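Listed below are the residues making up each chain.
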Amino acid sequence: ITEYSVNPLHVLSEEDLQCSICLDVFTDPVTTPCGHNFCMVCLKECWDSSSLCQCPDCKEEFSKRPEMHVNAFISAMAKTTEKEKADSMEVFSSLVRCIERSQAELLQVLEEKQEAAERQAEEFIKELQQEITELKRRDTELEQLSHTEDHIHLLQMYPSLCSPPHTKDWTDITINTHLSVETLRRALSQLQETLREEMEELGETELKRIQQFAVDVTLDPDTAHPDLFLSDNGKQVTYGDIRQNLPDNPERFDHSLSVLGKEGFSSGRFYYEVQVRRKTKWVLGVAGNTSKRKGDIIISPEDGYWTVCQRKKNEYEALESPCVSLSLKQAPQKVGVFVDYEEGLVSFYDIEARSHIYSFTGQSFTEKLYPLFTPCLSTGGKNTAPLIICPVNDVRS
């Protein structure tokens, strides 16, 4: 395949699908004889409000009003855009609803705790008032006895009045008015779980979208390190202990155990998948056409490499500068690589988990990019499995 043999839809951006009259995504798009596209209603209103029949963009005049028919191709594309916008809005709407629901539940818990605290406080006040009333009564009786001349009555009443009344020790009594951390933790955990579910659904949707840009990648033997063995069909690469006697051509790696794909891409979007099952070390991604091939290589975007790797068991990194440690729920068995050249994007996906691994964003590509495969050394016989370029399953249905 050539460097342009990707889905032809990649050349259209959202701006290409916007009507220049209403500045929104096309509704029933029509094409004028001069080749410009507009919403059917927008164009009709434009022509109805003017004595001239001309293109709103280039101002070319038509002797009579052309008969307009909906452009089926543009209409379909405007609908792969409207749906994406609707799906994106639904994700955020779902999260907003979850946040609002959690907020309402947390507020209810707070109100219930406040009501309980108020009831407790009212009970304490009632008890205190009863104790105060009893103390005042005894104080009054003592005051009266202090002025009595009936000594016999005084002696009879003295023991009961001198014994202290039963009162509660209020020094250790507190009212809990603080929010329990556990309550807040439960609310945040619920939000986290909802976000995780939405991220999984987003990953599924994203993979369905980008897999339509799948390309047929084959390995380029002229770039392969002499210790690497390629399958006859150019779909598998394995590290071997025996160095092959191969010509030291300029494009061949002579130190890094790497090989490139034959196909280079200098525009558009492309996607491919690689099996990494039973491997303990590997590097995957893309490399620039002029990236260094000889001697020690620094694998980083600054040096023309956009890759992720497995260092050892359960240790994964994006080879940025500096490296970024990746936290994956499980060991990927198959990795998807997606590149959007114009957007400066290189993304990696765990195919079985249907999840996003990492993205290099905001890159500025100025040369051809080639798929990169590095199976790494076979340390102690634990990394002998090949890297395998796999056919991409059509999941668009």
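Residues numbered from 1 in each chain as written. Predicted model: local features only at pLDDT ≥ 70, side-chain atom pairs only at ≥ 80, totals over all residues. Heavy atoms only, no water.

Participant: Whenever I open this one, the sheet that holds strand 14 (residues 369–374) confuses me. Can you help?
Facilitator: The strands making up a sheet associate through hydrogen bonds between their backbones, and the pairing can be parallel or antiparallel. Taken in spatial order, the six strands of this open sheet run 5-14-7-8-9-10, and their pairing is antiparallel. The sheet terminates laterally at strand 5 (259–260) and strand 10 (324–326), the two strands that pair on one side only. Strand direction decides the pairing type here: strand 9 (residues 315–318) and strand 10, joined by three bridges, are antiparallel. Looking at the pairing, Glu317 lines up with Ser325 of strand 10. (Pairing = 2+ DSSP bridges. Helix = DSSP H or I, 4+ residues; strand = E, 2+ residues; numbered from the N terminus.)

Participant: Would you explain the packing of aromatic side chains in this entry?
Facilitator: Applying the stated criterion to the full structure yields nine aromatic pairs. Put simply, the rings of Trp306, Tyr341 and Phe365 pair up and form one aromatic cluster. (Phe/Tyr/Trp six-rings, centres within 6.5 Å; stacked < 30°, edge-to-face > 60°.)

Participant: I'm lost on the layout of surface pockets in this one. Help?
Facilitator: Considering only enclosed or pocket space, the second largest pocket measures out at about 480 Å³ in volume. Along the wall of the second largest pocket there are 20 residues; nearest its centre are Ser256, Val283, Arg311, Thr374 and Cys376. Breaking the lining of the second largest pocket down by element, the ones donating at least two residues are strand 7 (282–288) and strand 8 (305–312). Looking at the lining of the second largest pocket element by element, the count peaks at three residues for strand 8. Grouping the constituent residues of the lining of the second largest pocket by class yields ten nonpolar, seven polar and three charged. (1 Å grid on protein atoms, 1.4 Å probe; cavity = no way out; pocket = protein on both sides within 12 Å on 5 of 7 lines; lining within 4 Å. Points joined across faces, edges and corners; volume = space filled by probe spheres on them. Nonpolar A, V, L, I, M, F, W, Y, C, P; charged D, E, K, R; others polar.)

Participant: Could you clarify how one ought to interpret the side chain of Asn249 in this entry?
Facilitator: For Asn249, the location among the structural elements is in the loop between strand 4 (236–239) and strand 5. In this structure Asn249 comes out as buried when scored by relative accessible area, which is 15%. Excluding its chain neighbours within four sequence positions, the residues that come into contact with Asn249 are Asp222 and Lys294. (Buried < 20%, exposed > 50% of the residue type's maximum accessible area, 1.4 Å probe, protein only. Contact = heavy atoms within 4.5 Å.)

Participant: Can you help me understand helix 1 (residues 40–48) in this one?
Facilitator: Listed in full, the buried residues belonging to helix 1 are Cys42, Leu43 and Trp47. End-on view of helix 1: buried residues confined to an arc of 125°, all on one side of the axis. More than 90 degrees from the buried face of helix 1, the exposed residues found are Val41 and Glu45. Turning to helix 1, the residues buried within the fold contact strand 1 (29–31) and strand 2 (37–39). (Arc of directions from axis to C-beta.)

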